[in-house]
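Structural description and commentary
The lines below spell out each chain.
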Amino acid sequence: MDSGDMRGKVCLVTGANAGLGKATVLRLAKLGASVIMVSRSRERGEAARRDIIGASGNTEVDLLVADLSSQAQIRRLAEDFRTLHSRLDVLVNNVGGVFMTRSLSADGIETSLALNHLAPFLLTSLLLDVVQASAPARIVNVTTRLGANTAIDFDDIQFEQRAYSGFSAYSETKLANMLFTYELARRLQGTGVTVNCVHPGVFRSNFGSEGMPPVMRILNVVVRPFMAEAARAAERVVYAATAPELAGVSGQYLGNRQPLTSPKQAYDEAAQARLWQLSVSLTGL
Ligand SMILES: NC(=O)c1ccc[n+]([C@@H]2O[C@H](COP(=O)([O-])OP(=O)(O)OC[C@H]3O[C@@H](n4cnc5c(N)ncnc54)[C@H](OP(=O)(O)O)[C@@H]3O)[C@@H](O)[C@H]2O)c1
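Notes on the structure follow.

What counts and how
Residues numbered from 1 in each chain as written. Predicted model: local features only at pLDDT ≥ 70, side-chain atom pairs only at ≥ 80, totals over all residues. Core = buried A, V, L, I, M, F, W, Y, C linked by C-beta atoms within 7 Å. Buried ≥ 20, exposed ≤ 12 C-beta atoms within 10 Å, placed from the backbone. Helix = DSSP H or I, 4+ residues; strand = E, 2+ residues; numbered from the N terminus. Contact = placed C-beta atoms within 7 Å. Pairing = 2+ DSSP bridges. Axes fitted to C-alpha atoms, helices over the stretch in contact; angles between N-to-C directions. Expected span 1.5 Å × (residues − 1). Right-handed = clockwise from strand over helix to strand, strands pointing away.

One finds Val25, Val35 and Val237 to be the most contacted residues of the largest nonpolar core, which totals 76 residues. Counting residues per element, this core draws most heavily on helix H4 (residues 111-133), which supplies 11 residues. Aside from chain neighbours lying at most four places away, what touches Val25 is Val13, Ala16, Val35, Met37, Ile52 and Val61.

Strand order in the open sheet formed by 7 strands is E3-E2-E1-E4-E5-E6-E7, with parallel pairing between adjacent strands. Of all the strands in the sheet, just strand E3 (61-65) and strand E7 (253-254) have a single pairing partner and so form its edges. Of the pairings in the sheet, the one linking strand E5 (residues 137-142) to strand E6 (residues 193-198) comprises 6 bridges and is parallel in character. Within the sheet, the bridge partner assigned to Ile139 lies in E6 and is Val195. Along the sheet, helix H1 (residues 19-30) makes contact with strand E1 (10-14), strand E2 (34-39), E3, strand E4 (90-93) and E5, crossing E1 at roughly 165°. Against the sheet, helix H2 (residues 42-56) makes contact with E2 and E3, and its axis sits at roughly 170° relative to E3, the strand it touches most.

Between Ala135 and the following residue, Pro136, the backbone shows a cis peptide bond with an omega angle of 5°. Here Pro136 shows up in the loop between H4 and E5. Positioned with a positive phi, Phe159 is a non-glycine residue whose angle comes to about 55°. In this fold, Phe159 is placed in the loop between E5 and helix H5 (166-187). Its identity as a non-glycine residue notwithstanding, Arg257 has a phi of 70°, on the positive side.

With that settled, the discussion passes to helix H3 (residues 71-84). Under the 1.5 Å per step criterion, the end-to-end length of H3 is 20 Å for 14 residues, consistent within 8% with the ideal 20 Å. Elements in contact with the buried residues of H3: E1, E2, E3, H4 and helix H8 (269-283).

With that settled, the discussion passes to the pairing of E1. With respect to burial, E1 is a largely interior element, 5 of its 5 residues being buried. Side chains Val10, Leu12 and Thr14 of E1 all project onto a buried face; the interleaved residues Cys11 and Val13 project onto the opposite face, where all are buried too. The pairing of E1 with E2 spans 5 bridges and is classified as parallel. Each residue of the ladder has a partner; that of Leu12, found in E2, is Ile36. One crossover worth recording links E1 to the parallel E2 by way of H1, and it is right-handed. Pairing of E1 with E4, which is carried by 3 bridges, proceeds in the parallel orientation. Note on E4: the bridge partner recorded for Leu12 is Leu91.

Any functional reading would require information that these geometric values do not contain.
This is the structure:
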(Lines give C-alpha, C1' and ligand atoms only; values in the text may rest on other atoms or scores of the structure.)
Protein backbone atom coordinates (compact mmCIF):
# COMPACT_ATOMS: atom_id res chain seq x y z
CA MET A 1 0.00 0.00 0.00
CA ASP A 2 1.12 3.56 -0.71
CA SER A 3 1.06 5.89 2.23
CA GLY A 4 -2.49 7.28 2.21
CA ASP A 5 -1.40 10.77 3.09
CA MET A 6 1.69 12.59 1.87
CA ARG A 7 0.49 16.05 2.92
CA GLY A 8 3.36 18.18 4.19
CA LYS A 9 5.92 16.01 2.36
CA VAL A 10 8.13 17.53 -0.33
CA CYS A 11 9.06 15.28 -3.27
CA LEU A 12 11.31 15.94 -6.26
CA VAL A 13 10.95 13.84 -9.43
CA THR A 14 13.32 14.04 -12.42
CA GLY A 15 12.22 13.31 -16.00
CA ALA A 16 8.83 14.50 -14.82
CA ASN A 17 7.07 15.78 -17.93
CA ALA A 18 6.44 12.41 -19.61
CA GLY A 19 6.25 8.66 -19.14
CA LEU A 20 6.99 7.21 -15.73
CA GLY A 21 8.10 10.52 -14.22
CA LYS A 22 4.83 12.26 -15.06
CA ALA A 23 2.77 9.30 -13.81
CA THR A 24 4.80 9.28 -10.58
CA VAL A 25 4.22 13.01 -10.01
CA LEU A 26 0.49 12.53 -10.57
CA ARG A 27 0.32 9.69 -8.07
CA LEU A 28 2.29 11.63 -5.45
CA ALA A 29 0.15 14.72 -6.06
CA LYS A 30 -3.02 12.66 -5.56
CA LEU A 31 -1.59 11.55 -2.21
CA GLY A 32 -1.34 15.22 -1.24
CA ALA A 33 2.44 15.69 -1.52
CA SER A 34 4.05 18.92 -2.60
CA VAL A 35 5.90 17.86 -5.76
CA ILE A 36 8.70 19.55 -7.66
CA MET A 37 8.94 18.38 -11.24
CA VAL A 38 12.23 18.60 -13.11
CA SER A 39 12.01 18.94 -16.89
CA ARG A 40 14.52 20.10 -19.48
CA SER A 41 11.79 21.97 -21.38
CA ARG A 42 9.76 24.70 -19.70
CA GLU A 43 7.02 24.29 -22.29
CA ARG A 44 6.68 20.49 -21.92
CA GLY A 45 7.11 20.80 -18.16
CA GLU A 46 4.37 23.45 -17.83
CA ALA A 47 1.98 21.42 -20.03
CA ALA A 48 2.54 18.34 -17.83
CA ARG A 49 2.20 20.42 -14.66
CA ARG A 50 -1.18 21.75 -15.84
CA ASP A 51 -2.37 18.19 -16.63
CA ILE A 52 -1.26 16.97 -13.20
CA ILE A 53 -2.86 19.84 -11.29
CA GLY A 54 -6.08 19.30 -13.27
CA ALA A 55 -6.14 15.55 -12.67
CA SER A 56 -5.10 15.63 -9.00
CA GLY A 57 -6.69 18.85 -7.77
CA ASN A 58 -3.40 19.48 -5.95
CA THR A 59 -1.96 22.91 -6.78
CA GLU A 60 1.30 22.30 -4.94
CA VAL A 61 3.03 21.03 -8.06
CA ASP A 62 5.98 23.15 -9.18
CA LEU A 63 8.45 23.01 -12.03
CA LEU A 64 12.20 23.47 -12.17
CA VAL A 65 13.95 23.41 -15.52
CA ALA A 66 17.30 21.69 -16.08
CA ASP A 67 18.95 19.56 -18.73
CA LEU A 68 20.27 16.79 -16.51
CA SER A 69 22.98 15.74 -18.96
CA SER A 70 24.75 19.00 -17.99
CA GLN A 71 26.52 19.18 -14.64
CA ALA A 72 26.33 22.98 -14.59
CA GLN A 73 22.55 22.74 -14.95
CA ILE A 74 22.33 20.08 -12.21
CA ARG A 75 24.30 22.39 -9.89
CA ARG A 76 21.99 25.29 -10.74
CA LEU A 77 18.96 23.06 -10.19
CA ALA A 78 20.20 22.11 -6.72
CA GLU A 79 20.72 25.80 -5.89
CA ASP A 80 17.26 26.72 -7.23
CA PHE A 81 15.74 23.94 -5.14
CA ARG A 82 17.52 25.15 -1.99
CA THR A 83 16.34 28.71 -2.58
CA LEU A 84 12.72 27.56 -2.69
CA HIS A 85 12.59 24.66 -0.25
CA SER A 86 14.09 23.80 3.10
CA ARG A 87 13.16 20.11 3.15
CA LEU A 88 13.12 17.14 0.78
CA ASP A 89 11.34 14.01 1.97
CA VAL A 90 11.44 12.01 -1.26
CA LEU A 91 13.91 12.25 -4.14
CA VAL A 92 12.97 10.16 -7.19
CA ASN A 93 15.84 9.83 -9.68
CA ASN A 94 13.78 8.74 -12.67
CA VAL A 95 15.45 10.40 -15.64
CA GLY A 96 17.04 8.01 -18.13
CA GLY A 97 17.41 7.31 -21.80
CA VAL A 98 18.90 4.98 -24.39
CA PHE A 99 21.14 6.51 -27.05
CA MET A 100 21.74 4.52 -30.21
CA THR A 101 24.65 6.66 -31.38
CA ARG A 102 27.58 7.53 -29.14
CA SER A 103 27.59 11.21 -28.19
CA LEU A 104 29.19 13.41 -25.57
CA SER A 105 27.46 15.62 -23.03
CA ALA A 106 28.25 19.32 -22.53
CA ASP A 107 30.92 18.11 -20.07
CA GLY A 108 32.52 15.80 -22.65
CA ILE A 109 31.17 12.63 -21.01
CA GLU A 110 29.46 9.78 -22.89
CA THR A 111 25.78 10.75 -22.77
CA SER A 112 24.32 7.53 -21.29
CA LEU A 113 26.79 7.71 -18.42
CA ALA A 114 26.19 11.44 -17.95
CA LEU A 115 22.38 11.23 -17.90
CA ASN A 116 21.60 7.79 -16.48
CA HIS A 117 24.21 7.56 -13.75
CA LEU A 118 26.12 10.80 -13.13
CA ALA A 119 22.96 12.96 -13.06
CA PRO A 120 21.38 10.98 -10.19
CA PHE A 121 24.78 10.70 -8.49
CA LEU A 122 25.46 14.45 -8.62
CA LEU A 123 21.92 15.64 -7.86
CA THR A 124 21.63 13.26 -4.90
CA SER A 125 25.04 14.31 -3.57
CA LEU A 126 24.18 18.02 -3.86
CA LEU A 127 20.85 17.61 -2.06
CA LEU A 128 21.88 14.97 0.47
CA ASP A 129 22.21 17.35 3.41
CA VAL A 130 18.66 18.63 2.82
CA VAL A 131 17.37 15.05 2.57
CA GLN A 132 19.21 14.06 5.76
CA ALA A 133 17.83 17.09 7.59
CA SER A 134 14.31 15.92 6.55
CA ALA A 135 14.74 12.35 7.87
CA PRO A 136 12.93 10.02 7.83
CA ALA A 137 13.35 10.50 4.09
CA ARG A 138 13.69 8.32 1.01
CA ILE A 139 15.66 8.24 -2.20
CA VAL A 140 14.34 6.08 -5.06
CA ASN A 141 16.50 5.31 -8.09
CA VAL A 142 14.70 4.01 -11.18
CA THR A 143 16.62 1.22 -12.86
CA THR A 144 15.57 -1.76 -14.99
CA ARG A 145 15.83 -5.58 -15.20
CA LEU A 146 19.21 -6.82 -16.38
CA GLY A 147 20.84 -10.16 -17.15
CA ALA A 148 22.73 -11.76 -14.25
CA ASN A 149 26.06 -11.34 -16.04
CA THR A 150 25.66 -7.68 -16.99
CA ALA A 151 28.80 -5.87 -15.85
CA ILE A 152 30.26 -2.38 -16.09
CA ASP A 153 33.50 -2.39 -18.07
CA PHE A 154 35.48 -0.12 -15.77
CA ASP A 155 38.44 -0.11 -18.16
CA ASP A 156 36.33 1.52 -20.86
CA ILE A 157 33.21 2.87 -19.17
CA GLN A 158 32.75 5.56 -21.85
CA PHE A 159 33.17 3.26 -24.87
CA GLU A 160 36.37 4.93 -26.04
CA GLN A 161 38.02 1.67 -27.12
CA ARG A 162 35.05 -0.70 -27.46
CA ALA A 163 32.60 -0.50 -30.34
CA TYR A 164 29.69 1.55 -29.00
CA SER A 165 26.38 -0.21 -28.38
CA GLY A 166 23.42 1.86 -27.15
CA PHE A 167 21.93 -1.17 -25.42
CA SER A 168 25.20 -2.02 -23.62
CA ALA A 169 25.71 1.60 -22.59
CA TYR A 170 22.13 1.69 -21.29
CA SER A 171 22.47 -1.61 -19.39
CA GLU A 172 25.80 -0.67 -17.82
CA THR A 173 24.46 2.68 -16.63
CA LYS A 174 21.28 1.11 -15.24
CA LEU A 175 23.56 -1.36 -13.43
CA ALA A 176 25.46 1.67 -12.13
CA ASN A 177 22.15 2.83 -10.56
CA MET A 178 22.19 -0.40 -8.51
CA LEU A 179 25.85 -0.14 -7.42
CA PHE A 180 25.21 3.49 -6.46
CA THR A 181 22.10 2.50 -4.48
CA TYR A 182 23.93 -0.20 -2.51
CA GLU A 183 26.97 1.96 -1.73
CA LEU A 184 24.82 4.95 -0.75
CA ALA A 185 22.60 2.78 1.46
CA ARG A 186 25.69 1.69 3.39
CA ARG A 187 26.91 5.26 3.71
CA LEU A 188 23.47 6.39 4.96
CA GLN A 189 23.05 3.70 7.61
CA GLY A 190 21.77 5.24 10.83
CA THR A 191 20.79 8.56 9.24
CA GLY A 192 17.07 7.86 8.79
CA VAL A 193 17.44 8.19 5.01
CA THR A 194 16.76 5.08 2.94
CA VAL A 195 17.73 4.48 -0.66
CA ASN A 196 16.30 1.77 -2.87
CA CYS A 197 16.21 1.10 -6.58
CA VAL A 198 13.16 0.00 -8.52
CA HIS A 199 12.50 -1.94 -11.71
CA PRO A 200 9.29 -0.30 -12.92
CA GLY A 201 8.43 -3.12 -15.35
CA VAL A 202 8.08 -2.62 -19.10
CA PHE A 203 5.54 0.05 -19.99
CA ARG A 204 4.40 2.37 -22.78
CA SER A 205 6.28 5.67 -22.94
CA ASN A 206 8.48 7.75 -25.24
CA PHE A 207 11.44 5.67 -24.12
CA GLY A 208 13.74 4.69 -26.98
CA SER A 209 11.56 6.40 -29.56
CA GLU A 210 14.50 8.28 -31.03
CA GLY A 211 17.25 6.72 -33.10
CA MET A 212 16.08 3.10 -32.82
CA PRO A 213 17.04 0.79 -35.70
CA PRO A 214 14.05 0.02 -38.02
CA VAL A 215 13.66 -3.53 -36.70
CA MET A 216 13.29 -2.22 -33.13
CA ARG A 217 10.76 0.40 -34.26
CA ILE A 218 8.65 -2.35 -35.90
CA LEU A 219 8.97 -4.54 -32.80
CA ASN A 220 7.92 -1.58 -30.67
CA VAL A 221 4.74 -1.07 -32.75
CA VAL A 222 3.91 -4.79 -32.40
CA VAL A 223 4.46 -5.11 -28.63
CA ARG A 224 3.26 -1.61 -27.62
CA PRO A 225 -0.41 -2.56 -27.22
CA PHE A 226 0.60 -5.32 -24.80
CA MET A 227 2.75 -3.06 -22.64
CA ALA A 228 1.55 -1.70 -19.30
CA GLU A 229 0.54 1.92 -18.82
CA ALA A 230 3.09 4.24 -17.21
CA ALA A 231 0.57 4.65 -14.36
CA ARG A 232 1.02 0.98 -13.49
CA ALA A 233 4.82 1.40 -13.45
CA ALA A 234 4.44 4.46 -11.22
CA GLU A 235 2.68 2.33 -8.60
CA ARG A 236 5.99 0.52 -8.05
CA VAL A 237 7.96 3.75 -7.72
CA VAL A 238 5.45 5.39 -5.38
CA TYR A 239 5.30 2.21 -3.32
CA ALA A 240 9.07 2.46 -2.76
CA ALA A 241 8.71 6.18 -2.03
CA THR A 242 5.82 6.01 0.43
CA ALA A 243 4.85 2.55 1.71
CA PRO A 244 4.81 2.52 5.53
CA GLU A 245 6.05 -1.08 5.56
CA LEU A 246 9.25 0.06 3.83
CA ALA A 247 10.15 2.51 6.61
CA GLY A 248 13.78 1.81 7.45
CA VAL A 249 14.20 -0.59 4.49
CA SER A 250 17.27 0.42 2.50
CA GLY A 251 19.64 -0.99 -0.10
CA GLN A 252 16.94 -3.03 -1.84
CA TYR A 253 16.23 -3.63 -5.52
CA LEU A 254 12.44 -3.79 -5.79
CA GLY A 255 10.18 -4.99 -8.57
CA ASN A 256 6.46 -5.35 -8.09
CA ARG A 257 6.70 -4.74 -4.33
CA GLN A 258 9.09 -7.68 -4.03
CA PRO A 259 12.90 -7.71 -3.79
CA LEU A 260 14.69 -8.70 -7.00
CA THR A 261 18.21 -10.03 -7.53
CA SER A 262 20.70 -7.70 -9.21
CA PRO A 263 23.46 -8.80 -11.56
CA LYS A 264 26.39 -10.24 -9.58
CA GLN A 265 28.63 -7.21 -10.05
CA ALA A 266 26.13 -4.98 -8.24
CA TYR A 267 26.93 -6.73 -4.93
CA ASP A 268 30.70 -6.39 -5.34
CA GLU A 269 31.70 -3.73 -2.79
CA ALA A 270 35.01 -3.11 -4.55
CA ALA A 271 33.09 -2.36 -7.77
CA GLN A 272 30.70 -0.08 -5.85
CA ALA A 273 33.64 1.82 -4.35
CA ARG A 274 35.34 2.04 -7.75
CA LEU A 275 32.20 3.48 -9.34
CA TRP A 276 31.85 5.96 -6.47
CA GLN A 277 35.42 7.20 -6.87
CA LEU A 278 35.05 7.45 -10.62
CA SER A 279 31.77 9.36 -10.22
CA VAL A 280 33.37 11.77 -7.76
CA SER A 281 36.19 12.46 -10.18
CA LEU A 282 33.88 12.82 -13.22
CA THR A 283 31.63 15.29 -11.38
CA GLY A 284 34.38 17.18 -9.59
CA LEU A 285 32.69 16.68 -6.23
N1 LIG B 1 9.80 2.42 -20.59
C2 LIG B 1 10.13 1.25 -20.06
O3 LIG B 1 9.59 0.19 -20.41
C4 LIG B 1 11.19 1.21 -18.97
C5 LIG B 1 11.55 -0.04 -18.47
C6 LIG B 1 12.49 -0.10 -17.43
C7 LIG B 1 13.03 1.07 -16.93
N8 LIG B 1 12.66 2.28 -17.44
C9 LIG B 1 13.27 3.48 -16.86
O10 LIG B 1 12.23 4.39 -16.51
C11 LIG B 1 12.74 5.72 -16.50
C12 LIG B 1 11.77 6.64 -17.23
O13 LIG B 1 11.63 6.17 -18.54
P14 LIG B 1 10.35 6.46 -19.44
O15 LIG B 1 10.04 5.17 -20.16
O16 LIG B 1 9.30 7.14 -18.68
O17 LIG B 1 11.02 7.45 -20.52
P18 LIG B 1 10.44 8.69 -21.36
O19 LIG B 1 8.98 8.50 -21.67
O20 LIG B 1 11.41 8.83 -22.49
O21 LIG B 1 10.57 9.92 -20.35
C22 LIG B 1 11.83 10.36 -19.96
C23 LIG B 1 11.71 11.69 -19.24
O24 LIG B 1 13.05 12.14 -18.98
C25 LIG B 1 13.22 13.43 -19.57
N26 LIG B 1 14.59 13.67 -20.04
C27 LIG B 1 15.24 13.01 -21.02
N28 LIG B 1 16.48 13.53 -21.18
C29 LIG B 1 16.60 14.53 -20.28
C30 LIG B 1 17.62 15.45 -19.96
N31 LIG B 1 18.78 15.47 -20.63
N32 LIG B 1 17.42 16.35 -18.96
C33 LIG B 1 16.24 16.36 -18.29
N34 LIG B 1 15.22 15.53 -18.57
C35 LIG B 1 15.39 14.62 -19.54
C36 LIG B 1 12.25 13.44 -20.73
O37 LIG B 1 12.01 14.77 -21.13
P38 LIG B 1 11.72 15.16 -22.67
O39 LIG B 1 10.24 15.08 -22.82
O40 LIG B 1 12.27 16.53 -22.75
O41 LIG B 1 12.46 14.17 -23.53
C42 LIG B 1 11.05 12.76 -20.08
O43 LIG B 1 10.38 13.66 -19.24
C44 LIG B 1 14.14 5.65 -17.11
O45 LIG B 1 15.10 5.71 -16.09
C46 LIG B 1 14.17 4.28 -17.79
O47 LIG B 1 15.47 3.75 -17.83
C48 LIG B 1 11.76 2.38 -18.46
